[in-house]
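# Inside the fold
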Amino acid sequence: MNIELFLAETISTQVNQLFDLTTVPTDIILQKTKKEFEGDYTLVTFPFIKAAKLTPEKTGELIGDAILKANPVITKFNIVKGFLNVSLANTFWVSEFKSIAGTKDYGVKQALSSGKQIMLEYSSPNTNKPLHLGHIRNNLLGYSVASILKTQGHDVVKVNIINDRGIHICKSMLAWQLFGNGETPQSSGLKGDHLVGKYYVEFDKAYKKEIQTLIETGKTKEEAEKQAPLIIQAQEMLLKWEANDTKTIDLWKTMNGWVYEGFDVTYKMLGVDFDKLYYESNTYILGKSVVQEGLIKGVFYKKDNGSICIDLTNEGLDEKVVLRSDGTSVYITQDLGTAIERFKEFPKLSQMIYTVGNEQDYHFKVLFKILEKLGYAWAKECFHLSYGMVELPEGKMKSREGTVVDADEMIHEMVQTARKTTEELGKVDGFSEHELQDLYMTIGMGALKYFILKVDPKKKMLFDPKESIDFNGHTGPFIQYSHARIQSILRKSGIDISAISINDDIELHDKEKELIKHQYDFVKALEESATTLNPAIVANYIYDLTKVFNQFYNECPILKEENVAIKNFRIMLIVTTSSIIKNGMLCLGIDVPDRM
RNA sequence: GGUCCCGUAGCUCAGCUGGAUAGAGCAACAGCCUUCUAAGCUGUGGGCCAUUGGUUCGAAUCCAAUCGGGGUCACCA
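About the thresholds
- Residues numbered from 1 in each chain as written.
- Chains lettered and ligands numbered in written order.
- Predicted model: local features only at pLDDT ≥ 70, side-chain atom pairs only at ≥ 80, totals over all residues.
- Heavy atoms only, no water.
- Helix = DSSP H or I, 4+ residues; strand = E, 2+ residues; numbered from the N terminus.
- Buried < 20%, exposed > 50% of the residue type's maximum accessible area, 1.4 Å probe, protein only.
- Lys, Arg positive; Asp, Glu negative; His and termini not counted.
- Charge placed at Lys NZ, Arg CZ, Asp CG, Glu CD.
- Pairing = 2+ DSSP bridges.
- Axes fitted to C-alpha atoms, helices over the stretch in contact; angles between N-to-C directions.
- Contact = heavy atoms within 4.5 Å.
- Phe/Tyr/Trp six-rings, centres within 6.5 Å; stacked < 30°, edge-to-face > 60°.
- Near = heavy atom within 4 Å.
- Polar contact = N/O pair within 3.5 Å; in protein donor to acceptor, adjacent residues only side chain to side chain.
- Nonpolar A, V, L, I, M, F, W, Y, C, P; charged D, E, K, R; others polar.
- Core = buried A, V, L, I, M, F, W, Y, C linked by side-chain atoms within 4.5 Å.
- Expected span 1.5 Å × (residues − 1).
- Salt bridge = Lys/Arg side-chain N within 4 Å of Asp/Glu carboxyl O.
- Right-handed = clockwise from strand over helix to strand, strands pointing away.

This next bit is on the overall build of chain A. In terms of regular secondary structure, chain A is built from 22 helices and 15 strands. With respect to the principal axes defined by its C-alpha atoms, chain A has extents near 90 × 65 × 45 Å. Out of the 596 residues in chain A, the part that is buried amounts to 52%. Treating the 70 positive side-chain charges of chain A as one cloud and the 80 negative ones as another, the clouds have centres 1 Å apart.

As structure tokens, this is what we get:
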């Protein structure tokens, strides 16, 4: 039941009668009563004082009296200045709770029930270097948003487009050829993606040295950057790759293979997955025909030098090249082609979400605008899920310069910290060695994932490697711990939950009522999280719920409660709390243990 | 320079579809375990919500300007 709307109906009717207005329930805005005041919901009466021609207090008085008579659920009210605080009957809250307890996976809609299919692209790695903390944010965000959309009954297609070709990959390949001495993941013991990344850094070092030497012979920096032998060789390699040169392709396949093996490990640790993989080596040709089409339609035009452009200056954007004068694609060409391909491949698709950093805001504005101009109606259903960069205290992370927080290292450290903390707390009794490994993984990743997802995606976030991620307070482990606590009580209760029936006229403790109210809000939190594509809303919601649970836990005995009706009610209360915590954390891709 | 985003406690973040005394966590200090897991709970201190002006009965929230930080404006991806 939508409580606000239910109350709004009563208020709307009464206000219309009292002051001769024509409000509808959705005009009536109710908010939760602040803790310092008595009541459940608050109506701000200022908007009505003009029509009432009375003071805010008198207006509130009139409305309060009227709704009290009209709706038996309302038991009393009080007025503070322009605020009408309304209290609802205890039995009402108990019955609300019964409906929550009676709903399996409360707040989560049935799979595929919305009939809406959404494609969500995320991860999109380059195959020349290992993943870092910035990629972690992308992966966790993408996976989490997909999970949240699923709770709304949408059919979510998770896709990953792998940038497996281009000059950056040739750089790694070239450096490996020159300096690698046949090194392999097996021979070096290095994870494949790290091995390839190592040569990407090697390339950059050697390249910089060459530039320095050239500058010393009197070249400008720009000249040196273009004329350095290494970059010329890399470009030649790219041409060979495009010409399908067997040896180049073989090397490319081998090294990319190493990277994929490495990525698979990292993805597995992160707990992310995909329904479909795209490779740029297959898609980079796409879009060329689209450009021809657009040329005929007059959307694009050919410049004197042979390049094909679009003029978006009327849209507040710039002139943009969509095909080079030599006929090769630019970045946006293949994005155009890929988007069109996808909507052909998935004809039911109603939305396309790209999880990409905010440094590409402009690019996506241009992309969507071009698609619109080409006449694709679905262009307005394309959305750039833009997220802020993860920055270090000294600024942006740069792979080439090695100033990155490596994803694998980060994960390893989190798991180690989880182990250390658990051991220090002496909570390892009764676990097998295997169970402990799982537990450390769950807690360590829980801390990392929550740390990243609790922040609004749009905002850039700061990570200081010197300050370790906390396990106390507003954190993943705090929520996991609370879940484990509940499970522990339920284990000890020995009660068959399905046999419990709830007494309607139970006297509610403040914290019990607060818990019910918070549980009720889960639906709204999920919905809002889904419409705004913002996992932080669920993350912060679950924290609030958990916080209230812990207060309740401290004030209200459960198993030791002597009154059986109250005891049973409290057991049900923690059952539903536990279920919401679990489903909410699932939306963040975080597991909750039964013991810790 | 054009354009977009951001600026809330020492630090990391909530709050932003306008509403009551701006909230958490961390850090600091003081309490609470013979009683359901102390990864917890309770309390104390800490704020010209960047600045100025405007709209409004009412502004952290909306608008404008200014200052500060960042992104972007490639025939790179």
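There is more to say after this.
Strand order across the open sheet formed by five strands is S7-S6-S5-S11-S12, with parallel pairing between neighbours. Either end of the sheet is taken by a strand with one partner, and the two such strands are strand S7 (276-279) and strand S12 (382-387). Across the sheet, the axes of successive neighbouring strands diverge by a mean angle of 25 degrees, strand direction being ignored. Here five bridges tie strand S5 (residues 117-121) to strand S11 (residues 349-357), and the two strands are oriented parallel to one another. By the bridge assignment, Gln-117 is partnered in S11 with Leu-349. Of the strands in this sheet, S5, strand S6 (155-162), S11 and S12 touch helix H5 (residues 133-151), which is tilted by about 160 degrees from S6. Strands S5, S6, S7, S11 and S12 of the sheet are contacted by helix H14 (residues 331-345), whose axis makes an angle of about 145 degrees with S11.

Moving on: the packing of aromatic side chains. Within this structure, the stated rule accounts for 23 aromatic pairs. Each ring, one from Phe-364 and one from Phe-368, has its centre 5.7 Å from the other, and the planes form 50 degrees; the classification is tilted. On the criterion of helical spacing, the pair formed by Phe-364 and Phe-368 is a turn pair, its members being four residues apart in helix H15 (residues 361-373). You can call Phe-364 buried: its relative accessible area is 3%.

Looking now at the protein's contact with RNA strand B. RNA strand B sits among 60 residues. The nearest are Phe-83, Asn-305, Arg-324, Tyr-481 and Arg-485. Here RNA strand B approaches the protein such that, of its atoms within 4 Å, sugar and phosphate make up 61%. The contact in question runs from a sugar or linking oxygen of RNA strand B to an N or O atom on the side chain of Lys-560, over 2.4 Å. Residue assignment for the surface near RNA strand B shows that the elements contributing at least two residues are strand S2 (41-44), strand S4 (83-88), H15, helix H16 (407-424), strand S15 (461-462), helix H18 (476-493) and helix H21 (535-555). In terms of residues, the surface near RNA strand B owes the most to one element, H18, which gives seven residues. Considering only residue class, the surface near RNA strand B consists of 27 nonpolar, 17 polar and 16 charged.

So, about the nonpolar core. Counting residues in hydrophobic clusters, the biggest one holds 144 residues, and the most contacted among them are Leu-88, Leu-133, Ile-136, Leu-149, Met-410, Leu-448 and Met-585. The contacts of Ile-136, once residues within four sequence positions are left out, are Leu-270, Ala-407, Met-410, Leu-448 and Ile-452. In terms of nonpolar packing, the next biggest core, distinct from the first, is built from 37 residues, Ile-308, Tyr-354, Val-356 and Phe-368 among them.

A rise of 1.5 Å per residue sets the reference length of H15, with its 13 residues, at 18 Å; its end C-alpha atoms lie 19 Å apart and thus fit the reference within 8%. Among all positions in H15, only His-363, Phe-364, Val-366, Leu-367, Phe-368, Ile-370 and Leu-371 are buried. Looking at the buried residues of H15, the elements they touch are strand S9 (308-311), strand S10 (319-323), H14, S11 and S12. Residue Gly-375 follows H15 closely and has a positive phi angle near 95 degrees.

Moving on, we come to unusual backbone geometry. Notably, Asn-181 is not glycine yet its phi reads approximately 50 degrees, a positive angle. Relative to the helices and strands, Asn-181 is located in the loop between helix H6 (167-179) and helix H7 (185-188). A relative accessible area of 78% places Asn-181 in the exposed class. Positive phi is not limited to glycine here, since Asn-244 has a value of about 65 degrees. Along the polypeptide, Asn-244 turns up in the loop between helix H10 (229-242) and helix H11 (246-270).

Turning our attention to the pattern of salt bridges. Enumeration according to the criterion identifies 32 salt bridges in this entry. For the salt bridge of Lys-104 with Asp-105, the shortest nitrogen-to-oxygen distance reads 3.3 Å. Residue class for Lys-104 comes out exposed when judged on its relative accessible area of 72%. With a relative accessible area of 31%, Asp-105 lands in the partly exposed category. Glu-202 is paired through a salt bridge with Lys-205; the nearest N and O atoms lie 4.0 Å apart. Separated by three residues within a single helix, Glu-202 and Lys-205 lie in helix H8 (residues 192-216), roughly one turn from each other. Residue class for Glu-202 comes out partly exposed when judged on its relative accessible area of 26%.

On to the pairing of S11, then. With eight of nine residues buried, S11 lies mostly within the body of the structure. Relative to S12, S11 is paired through six bridges, and the arrangement is parallel. When the bridges of S12 are listed, Gly-357 appears paired with Tyr-387. Regarding topology, H15 serves as the crossover connection from S11 to the parallel S12, and that connection is right-handed.

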